[in-house]
There are 2 protein chains.
Amino acid sequence: MGPVITVFARSPDRGRGLARDMAVRWALEEVGQPYATRGLSFAQLREPAHLALHPFGQIPTYEGEDAALFESGAIVFHIATRHAGLLPVADPARARAIAWMFAAQATVEPPIVERSMALLTERDRSWHAERLVLLADRVRKRLGELAQWLGGRDWLEGDFSAGDLLMVAVLRRLHGSGLLEAVPPLAGYVARGEARPAFVRAFEAQRAAFEAAERS
Amino acid sequence: MGPVITVFARSPDRGRGLARDMAVRWALEEVGQPYATRGLSFAQLREPAHLALHPFGQIPTYEGEDAALFESGAIVFHIATRHAGLLPVADPARARAIAWMFAAQATVEPPIVERSMALLTERDRSWHAERLVLLADRVRKRLGELAQWLGGRDWLEGDFSAGDLLMVAVLRRLHGSGLLEAVPPLAGYVARGEARPAFVRAFEAQRAAFEAAERS
């Protein structure tokens, strides 16, 4: 019996796989661990039963025999410590892959999410257009630094790792913005991630869930 | 010989210990690991030698015999895996402490940093006052959820861990904003962290470095 993860009952991105359960699904597919999902409405996210599992009322959570967890980065890390394939076994390679996990979530994601939030919540504010320019500049700065690091490599450090998994999951939020496409080495990096069979299986699973919810 | 960490040559917060080296200094003090620092100017952060160490041109970095790392969360985690005292040894307690490490950096810190950035960089924008209200609301939401979780506990999960260390380091950025003070359980939580002898030693070390730089 595999773990249970919580997901949105109805994908707010209409099956594009941009919610945070995607990274967890992908990690589980990479290591070949079957899992079940429990869909939650937005109202259910604020209920005491869910807040006991996730203090900030978000998805995903992870309930396994070994631990009940929240935070997608921590869940991916937990999966990577229990199964081979997502983290090198020894330092320094292991520590560096973990550094990229934190970098994806603490350094690269915030300006990307900030820009998405502005598009969602500040469209009717007088400052929207002017501020969007600043936000795009902040994203471009990080993308430029990341492309500089990547150079001609396939992955951030040697083989594909949980660091790449989280970084690709974060960068995918930029699809359609033009920002990722403007940096060909990063667009290629994301495409390599999306071409992995485990990614494809995870993506299809969340899209199938969205389509089933639409029909219901 | 202990590790070398990079820090700002001149503390931009004038010795208040709000830069990201503070969490790393604190972690090293908690485990009793001596360390050396290398101060960098803002110009040096963008030099190739530093970008090879930190792809995003920030501080802190960590150079030890075991690994060269960047990202404060990853460095604290690395210290916690090599020394006793900052992480429980077994799951589920260990995995949950790690979940709080990610939560501190990926969920609680972004709105706090966003607000600080607006105060620093958007003061002359027409939207500043109006937007500051939204930003404070976002911070208050996270603080309320965190206080709800904490309840009457001293620490997030049982004993003090690297999760508390990163969370307190993040919340300290709110000192003087009135936002932390408005949530007494969290103000008490931060005060408990700041009262730890290891925190005091780390704080004094970075303040002494600032004062030495001022005199030079």
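Rules used throughout
- Residues numbered from 1 in each chain as written.
- Chains lettered and ligands numbered in written order.
- Predicted model: local features only at pLDDT ≥ 70, side-chain atom pairs only at ≥ 80, totals over all residues.
- Heavy atoms only, no water.
- Phe/Tyr/Trp six-rings, centres within 6.5 Å; stacked < 30°, edge-to-face > 60°.
- Helix = DSSP H or I, 4+ residues; strand = E, 2+ residues; numbered from the N terminus.
- Buried < 20%, exposed > 50% of the residue type's maximum accessible area, 1.4 Å probe, protein only.
- Lys NZ or Arg CZ within 6 Å of the ring centre and 35° of its normal.
- Pairing = 2+ DSSP bridges.
- Right-handed = clockwise from strand over helix to strand, strands pointing away.
- Contact = heavy atoms within 4.5 Å.
- Buried area = accessible area lost by both parts, 1.4 Å probe.
- Salt bridge = Lys/Arg side-chain N within 4 Å of Asp/Glu carboxyl O.
- Domains from an automatic or database assignment.
- Polar contact = N/O pair within 3.5 Å; in protein donor to acceptor, adjacent residues only side chain to side chain.
- Nonpolar A, V, L, I, M, F, W, Y, C, P; charged D, E, K, R; others polar.
- Least-squares fit on C-alpha atoms with pLDDT ≥ 70 in both.
- Axes fitted to C-alpha atoms, helices over the stretch in contact; angles between N-to-C directions.
- Left-handed = near helix turned anticlockwise from the far one by under 90°.

## Thoughts on the packing of aromatic side chains
Each aromatic ring pair is specified by the distance between its two centres and by the angle formed by the two planes.
For step 1, the next point in the chain: Counted according to the given criterion, the structure contains 21 aromatic pairs over all chains.
For step 2, the next point in the chain: Aromatic pair tryptophan 155 of chain A and tyrosine 189 of chain A: ring centres 5.8 Å apart, planes at 65°, arrangement edge-to-face. On the criterion of sequence distance, the pair formed by tryptophan 155 of chain A in the loop between α6 (128-150) and α7 (162-171) and tyrosine 189 of chain A in helix α8 (residues 184-194) is long-range, its members being 34 residues apart. The exposure classification of tryptophan 155 of chain A matches that of tyrosine 189 of chain A, with both residues buried.
For step 3, the next point in the chain: What links up through ring pairs into an aromatic cluster is the set Trp26, Trp155, Phe160, Tyr189, Phe199 and Phe203 of chain A.
For step 4, the next point in the chain: Lying across the ring of phenylalanine 160 of chain A, arginine 196 of chain A places its NZ or CZ 3.6 Å from the centre.
For step 5, the next point in the chain: Across from the ring centre of tryptophan 155 of chain B, 6.0 Å away, lies the NZ or CZ of arginine 192 of chain B, which sits over that ring.

## Describing the pairing of strand β2 (residues 36-40) of chain B
All names here are of chain B.
For step 1, the next point in the chain: In this structure, strand β1 (residues 4-8) lies alongside β2, joined through 5 bridges in parallel fashion. Note that in β2 the partner of threonine 6 across the bridge is arginine 38.
For step 2, the next point in the chain: In this fold, β1 hands off to helix α1 (residues 21-31), which returns the chain to β2; that crossover is right-handed.

## Structural notes on the interface of chain B and chain A
Buried accessible area, meaning the area lost when the parts come together, often serves as the stated size of an interface.
For step 1, the next point in the chain: Each side of the interface is counted separately: chain B has 45 residues, and chain A has 45 residues.
For step 2, the next point in the chain: Overall, the association of chain B and chain A removes approximately 4200 Å² of surface from exposure, summing both partners, and the carbon and sulfur fraction of that is 63%.
For step 3, the next point in the chain: It is Phe56, Phe102 and Trp127 of chain B in chain B that bury the most area against chain A; as a group they hold 18% of the surface buried on that side.
For step 4, the next point in the chain: Between chain B and chain A we count 10 salt bridges in total.
For step 5, the next point in the chain: Here glutamate 122 of chain B ties to arginine 131 of chain A by a salt bridge, and the two come within 3.9 Å at their closest N and O atoms.

## Quick word on the domain arrangement of chain A
All names here are of chain A.
For step 1, the next point in the chain: Examined at the domain level, chain A breaks down into domain 1 (4-86 + 198-215) and domain 2 (93-196).
For step 2, the next point in the chain: Computed over C-alpha atoms only, the centres of domain 1 and domain 2 are separated by 21 Å.
For step 3, the next point in the chain: Between domain 1 and domain 2, the residue contacts involve 21 residues of the former and 20 residues of the latter.
For step 4, the next point in the chain: The contact between domain 1 and domain 2 buries some 1600 Å² in all, and 58% of this surface belongs to carbon and sulfur atoms.
For step 5, the next point in the chain: Together, Leu18, Trp26 and Phe199 form the three largest contributors to the area buried by domain 1 at its contact with domain 2, with a combined 32%.
For step 6, the next point in the chain: Across the domain 1-domain 2 interface, the total number found is 2 salt bridges.
For step 7, the next point in the chain: A salt bridge links arginine 196 to glutamate 30; the nearest nitrogen and oxygen atoms lie 2.8 Å apart.
For step 8, the next point in the chain: Between the two partners, domain 1 and domain 2, sit 10 residue pairs in polar contact (both at pLDDT 80 or more).
For step 9, the next point in the chain: Those elements that provide at least two residues to the side of domain 1 that touches domain 2 are α1 (21-31), α4 (72-82) and α9 (197-215).
For step 10, the next point in the chain: Grouping the constituent residues of the side of domain 1 that touches domain 2 by class yields 12 nonpolar, 5 polar and 4 charged.

## Some remarks on the relation of the copies chain B and chain A
For step 1, the next point in the chain: Turning chain B through 180° and shifting it by 0.0 Å along the axis lays it on chain A, with an RMSD of 0.0 Å. What the superposition gives is, in effect, a two-fold axis relating one chain to the other. No C-alpha of chain B lies nearer the rotation axis than that of alanine 106 of chain B, which sits 2.6 Å from it.
For step 2, the next point in the chain: Taken together, the interface assignments show that 100% of the residues at the interface of chain B recur at the interface of chain A, consistent with an identical surface on both copies.

## Let's talk about the packing of α1 of chain B against helix α7 (residues 162-171) of chain B
Residues and elements named next belong to chain B.
For step 1, the next point in the chain: Their axes nearest at 10 Å, the elements α1 and α7 cross at an angle of 145°. Classified by chirality, the crossing of α7 by α1 is right-handed. Judged by residue contacts, Ala23, Trp26, Ala27 and Glu30 of α1 engage Leu165, Leu166, Val168 and Ala169 from α7.
For step 2, the next point in the chain: Residues of the contact of α1 with α7, tallied by class, amount to 7 nonpolar, no polar and 1 charged.

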